[in-house]
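# A closer look at the structure
Residues per chain, in single letters:
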Amino acid sequence: MPGINASNPSNMFVMQHDTAACFLSYTAPFLRRHEASSNIVLAHALKRVDAQAALSGFEFTSESDVYARLSSADLDTYTPRPTRDSFWLTVWSHPSPSSPPTLDLVLACVDWTLGDYPIFLWTPNRVSAASSAWLAPRIADLTMHLNCCVPPERVFSVFGLTTLVKAFSRAWTNLTGFTVEPEPFYAALFSQCRADTFRESDAALPEGHRLRKGTMNDLEAVAQLCKEFADDSIYFPLSIERARIEARELISKGLLWVYDAAGDITTICAVTRNSHRVSAITKVYTTPRWRRNGCAEYLVREVTAQLLFSVGKESVVLYVGHENSAQRVYDRVGFVGLCGKSKPDTVEDSLELGFVGADRGHW
C-alpha cells in the first residue's frame, strides 16, 4: 500500500478494481454502513457476483479484513490500466500516520444490456465533500486515473451527489477538453421510504383492476411504456425494438410490476437495484391517457409495501426530478423530504451532467 512519504505528500491513492468481486472485497463494509445512499454503486456491483458471495461472502467482510487486504495489495492495483470492461475506482487517504486508510470516493464505470451507464460517483463523506479543499485534490486524482482507463468519449455523463458531479465535471473538462452539455440531463432528489414513514390508503381499486407482477403476456404493452418513458427523457430515447429488450429483461427477472386495468396495462414500476436491506424503484411510468387516475400512486404504494413488509427491506429508495409532479405521489406514499417539506439527512441533492461529443449510452 502506498505509504506516507515524500513521494506521496497528499497521502492519497487511487485503486482500480477490474471485477465486482475485487471492488466489494475492499469496500463492502463501507457500502453496507451507508447502504441506502450507496445503492447506485453497491447494487450494480452485487449484480456481477454470484448469489453466495452477495449473500454471505461480502456480507461478513469487516473493516479489518479490508485493511489487511490494503496492506498486501499488488502494486498493479494502483496503476491505471486501459479497459473495455466494467471497472471501479476508489480513492483513499490517510487521516494520520497512525490511522488506517479511509475510503473517500467511489467511481463506477459499468454497462448493461442496452449499453454503457453514466459514470456513477459516491462518497461516504458527504460533510467533507462539501469542502472544495477536501474534494478538489481527490477529484483531480480520480479524473486523471479515469482518463488513463477509458477514452474520454466513454464518459458521456456523470451522475451522483451534486457537489461531486460539479467538481468532477470541471476537472474532466479541464483535463480532456470535453465540455458540459448546456442543460443538466437530470436534477433530482434522492429520497427513501421506511416502515415508519410509509402511509397506508383506504382507497379501493376500481372493479376489475389489479396490481401484479408483469408477465411475458404483457411484453408488448410493457415495451411500449418503456419506450414512452425513455422518449420522455429526451436524452436517452429508445426504439421499440430496444424497448422490447428492456421489457423482456425486467419481466424475466421479476423486477417489474404493472397496473392492470381490466387487461389494459396503464402503469409500470421497476425495481432494478437491490441489496440486502435496500431496494430502489428505478422506473415509474403511466401512459398519458391514464394519467390523473391515481394509477401510479396505487402501484408505487403496493410495490413499496411489498418490499418493506413482505420482502423485509429496511428502506425503499428512489430519485425524483426537482420539478417532477410525481413528488406528490411519492410524498403521499411516505417518501421523505419531498414537496418542499423538511429534508432529513438521508435526502440528497443529485445531478447528472452530460458531455458534448461523447458516445451516449443508455439508462
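Note that this is a predicted model, so its numbers are computed, not measured.

Core analysis: the largest hydrophobic core is formed by 37 residues, its most contacted members being Met15, Leu24, Val41, Trp92 and Phe120. Beyond its immediate stretch of four places on either side in the chain, Met15 contacts Tyr26, Leu70, Ala73, Thr77, Tyr78, Trp88, Leu89, Thr90 and Trp92. With 34 residues, the next largest nonpolar core counts Leu89, Leu142, Cys149 and Leu164 among its residues.

At Ala262, a residue that is not glycine, the phi angle is positive and equals roughly 55°. Take Ala262: it is sitting in the loop between β10 (256–261) and β11 (264–274). Here Cys339, not a glycine, exhibits a phi torsion of approximately 60°, which is positive. Among the secondary structure elements, Cys339 is positioned in the loop between α11 (326–333) and β14 (348–354). Cys339 sits in the partly exposed class, given a relative accessible area of 36%.

In this section: the sheet that holds strand β12 (residues 278–286). If you walk across this open sheet you meet the twelve strands as β1-β2-β3-β6-β7-β14-β8-β13-β12-β11-β10-β9, and the pairing is mixed. Edge positions in the sheet fall to β1 (12–17) and β9 (209–213), since each has one partner strand and no second. On average, each strand axis in the sheet is tilted by 20° relative to the strand beside it, whichever way the strands run.

Moving on, we come to the packing of helix α1 (residues 20–33) against helix α2 (residues 39–46). Relative orientation of the contacting elements α1 and α2 amounts to 140°, with a least axis distance of 10 Å. Judged on the interaxial angle alone, α2 and α1 are oblique. Between α1 and α2 the crossing geometry is left-handed. Across the interface between the two elements, Ala20, Phe23, Leu24 and Leu31 of α1 pack against Val41, Leu42, Ala45 and Leu46 of α2. Of the residues assigned to the contact of α1 with α2, the class counts are eight nonpolar, no polar and no charged.

In this fold, Leu135 is placed in helix α6 (residues 132–149). Sequence-wise, Leu135 and Cys339 are 204 residues apart; in three dimensions their C-alpha atoms are separated by 30 Å.

Regions with low pLDDT carry predicted coordinates that are not meant to be interpreted in detail. Taken over all residues, the pLDDT of the chain has a mean of 94, while the share at 70 or more is 96%. Within the model, pLDDT remains below 50 along residues 1–9, and this stretch shows 16 contacts once partners closer than five positions in the same chain are excluded.

Conventions we followed
Residues numbered from 1 in each chain as written. Predicted model: local features only at pLDDT ≥ 70, side-chain atom pairs only at ≥ 80, totals over all residues. Heavy atoms only, no water. Core = buried A, V, L, I, M, F, W, Y, C linked by side-chain atoms within 4.5 Å. Buried < 20%, exposed > 50% of the residue type's maximum accessible area, 1.4 Å probe, protein only. Contact = heavy atoms within 4.5 Å. Helix = DSSP H or I, 4+ residues; strand = E, 2+ residues; numbered from the N terminus. Pairing = 2+ DSSP bridges. Axes fitted to C-alpha atoms, helices over the stretch in contact; angles between N-to-C directions. Parallel < 35°, antiparallel > 145°, perpendicular 65-115°, else oblique. Left-handed = near helix turned anticlockwise from the far one by under 90°. Nonpolar A, V, L, I, M, F, W, Y, C, P; charged D, E, K, R; others polar. pLDDT = per-residue confidence, 0-100.

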